Structures are given as structure tokens and as C-alpha cells.
Amino acid sequence: MTSTAAPGTPTAGGVRAAPAPAGVGSLGGIGLVLAGTVSVQFGSAVAALLFPRAGALGVVALRVTIAAVLLLAFCRPRLRGHSRSDWAVAGAFGLALGGMNILFYQAIDRIPLGPAVTLEVLGPLLLSVVAARRAVSLVWAGLALAGVFLLGQEGFDRLNPAGAGFALGAGVMWAAYIVFNSRAGARFPRLDGLAVAMGVAALVSLPLGIGSAGGTLLEPGVLGLGAAVALLSSGVPYALELLALRRLSAATFAVLMSLAPAVAALAGFLVLGQTLSAPQCLAIVLVVVASAGAVRAGARGRG
């Protein structure tokens, strides 16, 4: 699964990035972001190992519900004093978060992890291009489309059309997640908005998971791996990204997040034994470069 932030987002968990200091602190921040990205993508690979036992919907339910319980217990969000519009934003944030996870896990149940994240990252990339409103952003969009074309050169039927469609749908939800993450961060203190949104996502995903996997979700082995997925894909990266944003600028943070497809391909190879062809590897490189370029163009446009 993708991380808590994405290319084009100025926050992680709704926390604004502070101006980045130079030197050792910045290098430490880069290490934290990379560690968080590795945690997320290897968490997704571990999740895929659970699919034969609990199914994609069951794994989503475990991951999101456990993460929600942990976040709500840790944050203890204040529920009073918020307007209806505040709750509407939190609800939309939760629906985007839940939809993103559900669609992405459906995707990696059908296609390799690397291509799935490559297609998913097109959502945030498009958001960055639109937000930048600069001619050079069209170049980065074209480069990303070239990467997608390469992925399809060997036939999207090899990737599974449904899997590719789910990944693209997850990308749309990722873009919506970015927008509502930022709005929730402006309306709720600390991580309260994220905790509430995760609770909403759990309410959406848990009935689907129970309907799909039933009592399998309560088996000790499944619960244990589900907890590991929740920690790897949510708990660890949330903490690392928050620490990183104290050391890095938002633009640098977002560029580093653009490495997600490459890290996902590595995780798929090491954990799941998924191999990619040379054109697919080149496609991933093109999308990574396009994402990083679009983010930097957007940062210059706002500067």
C-alpha cells in the first residue's frame, strides 16, 4: 500500500512541514522518509501473502481496523466543538482512505506490486500537474503516460485488466485522500482528523472483510499477520513521516515519496518472487522521474 502522504501533498497526517534545516538533520529526514516508504511497500507485500487465507477484502479490514484502533487509542481525538462541515471533511477523508485501501488491495491481488503502485501513483501525479498550472508540468505528464504505454506494450491482459483498473481507481482515491488530508489537517488538531478518518475507513471495510473472510479473520495466525501489516503500512510510516517533516521541506518530502513504485517493485521481487520485464522496469523508472519532476515543478510554481 501507498504511504500516508503522496507526491503533491504538503502534509503527513495533516501536520504541516516546517522549513527544512540543512546538514545532518536533512540527511536524517531523507533516511526517515525512505525507511517509511520501505515499510509501506513491504507491508503491502506481506499483505499479499495473506490473500490466500483471508482474501483481499479480509486483509484490508484487518489492516484498517487495527490501525484505526491504534490511532484512536493513541490520539484520543476530541469529538466536541466541531462543525458539520468539519465532520463532512473527516467523513470524506475516511471514505477516500477506505476506498484507496480497498481498491489497491484488489489490484495487488491481481497484478504485481510494482506495476500496481506505478499505476496508482498517476492519481497524485495528475493532481500535482493540475495544481502546478505550468507548461513544464505537461512534459512530466507526458513522461508518465510514456511509462504507462510501456506497461501496456506487452498487453494489459498480462497484467490483468481488472487489476490495472483497480490500481487506477486507487490512484483517484489517493488524489482525493491528499485533498481531504490537507483540509482535515486545517480543521482538526494533531492527528485527530486522521484518527477519525481511519475510524470511518474501518466502518466501511470491516463489514466487507467479514462478509468475505468470516471467522478466518479471528485465527491467531491471520490476526498476527494482519497486525504486522497494520504496523508496517500505517503505524511505522506515520511516525517516521511525522519525524521527517520536522527536518525536510514539503517539496523534498514529496519528491522522495515519488520513489514508491520502485520500492514496491523491489518488495514484490524480494517477498513475493515477482519478476518484471525490462520494459516494465523502464516504465516504473519513467513514472518515478515524472512524479519527482511534477512535484518540483509544482513547488517552483508556488514559490
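Everything quoted here is computed from the prediction, not taken from an experiment.

End to end, helix α7 (residues 161-187) covers 39 Å across 27 residues, agreeing with the expected 39 Å (1.5 Å per residue, within 8%). Measuring from the backbone nitrogen of Ala 162 back to the side-chain oxygen at the start of α7 gives 2.9 Å, which picks out Asn 160 as the cap.

Turning next to unusual backbone geometry. Phi at Arg 76 is positive, roughly 45°, even though this residue is not glycine. Counting through the fold element by element, Arg 76 comes out in the loop between α1 (24-75) and α2 (84-108). Of the residues examined, Arg 76 reaches a relative accessible area of 68% and is grouped as exposed.

The next point concerns the packing of α2 against α7. It is the contact of α2 with α7, at a shortest axis distance of 7 Å, that shows an interaxial angle of 155°. Relative to α7, the element α2 lies roughly antiparallel. For the pair α2 and α7, the crossing hand works out as left-handed. Of the residues in the contact of α2 with α7, the class split is 19 nonpolar, 6 polar and 3 charged.

This paragraph deals with the nonpolar core. Ranked by internal contacts, the top residues of the largest apolar core, which has 66 residues, are Phe 104, Tyr 105, Leu 113, Tyr 177 and Met 198. Counting residues per element, this core draws most heavily on α1, which supplies 16 residues. Leu 32, Val 33, Leu 256 and Met 257 belong to the second-largest nonpolar core, a separate cluster that totals 7 residues.

Within the secondary structure, Leu 62 is located in helix α1. Along the sequence, Leu 62 and Val 222 sit 160 residues apart, while their C-alpha atoms lie 8.8 Å from each other. Not counting chain neighbours up to four residues away, the residues in contact with Leu 62 comprise Leu 217, Val 222, Leu 223 and Gly 226.

According to the stated counting rule, one finds 2 salt bridges in the structure shown. Residue Glu 219 pairs with Arg 53 through a salt bridge whose shortest N-O separation is 3.4 Å. In this pair, Glu 219 sits in the loop between α8 (192-213) and α9 (220-244) while Arg 53 sits in helix α1, placing the two residues 166 residues apart along the sequence. You can call Glu 219 partly exposed: its relative accessible area is 35%. Residue classification places Arg 53 among the partly exposed positions, given a relative accessible area of 43%. The closest approach of N and O atoms between Asp 86 and Arg 187, which form a salt bridge, is 2.6 Å. Taken together, the residues Asp 86 in helix α2 and Arg 187 in helix α7 connect sequence positions 101 residues apart.

Turning our eyes to something else, we now look at a nonpolar patch on the surface. Together, Leu 49, Leu 266, Phe 269, Leu 270 and Val 271 give the surface a local cluster of nonpolar side chains, amounting to about 450 Å² of exposed area. Counting through the fold element by element, Val 271 comes out in helix α11 (residues 260-272). Since its relative accessible area comes to 30%, Val 271 is described here as partly exposed.

The rules behind these values
Residues numbered from 1 in each chain as written. Predicted model: local features only at pLDDT ≥ 70, side-chain atom pairs only at ≥ 80, totals over all residues. Heavy atoms only, no water. Helix = DSSP H or I, 4+ residues; strand = E, 2+ residues; numbered from the N terminus. Expected span 1.5 Å × (residues − 1). Polar contact = N/O pair within 3.5 Å; in protein donor to acceptor, adjacent residues only side chain to side chain. Buried < 20%, exposed > 50% of the residue type's maximum accessible area, 1.4 Å probe, protein only. Axes fitted to C-alpha atoms, helices over the stretch in contact; angles between N-to-C directions. Parallel < 35°, antiparallel > 145°, perpendicular 65-115°, else oblique. Left-handed = near helix turned anticlockwise from the far one by under 90°. Nonpolar A, V, L, I, M, F, W, Y, C, P; charged D, E, K, R; others polar. Core = buried A, V, L, I, M, F, W, Y, C linked by side-chain atoms within 4.5 Å. Contact = heavy atoms within 4.5 Å. Salt bridge = Lys/Arg side-chain N within 4 Å of Asp/Glu carboxyl O. Patch = residues over 30% accessible without salt bridge, like charges linked within 9 Å, V, L, I, M, F, W, Y side chains within 5 Å. Areas by Shrake-Rupley, 256 points an atom, 1.4 Å probe, with all protein chains shown as cover.

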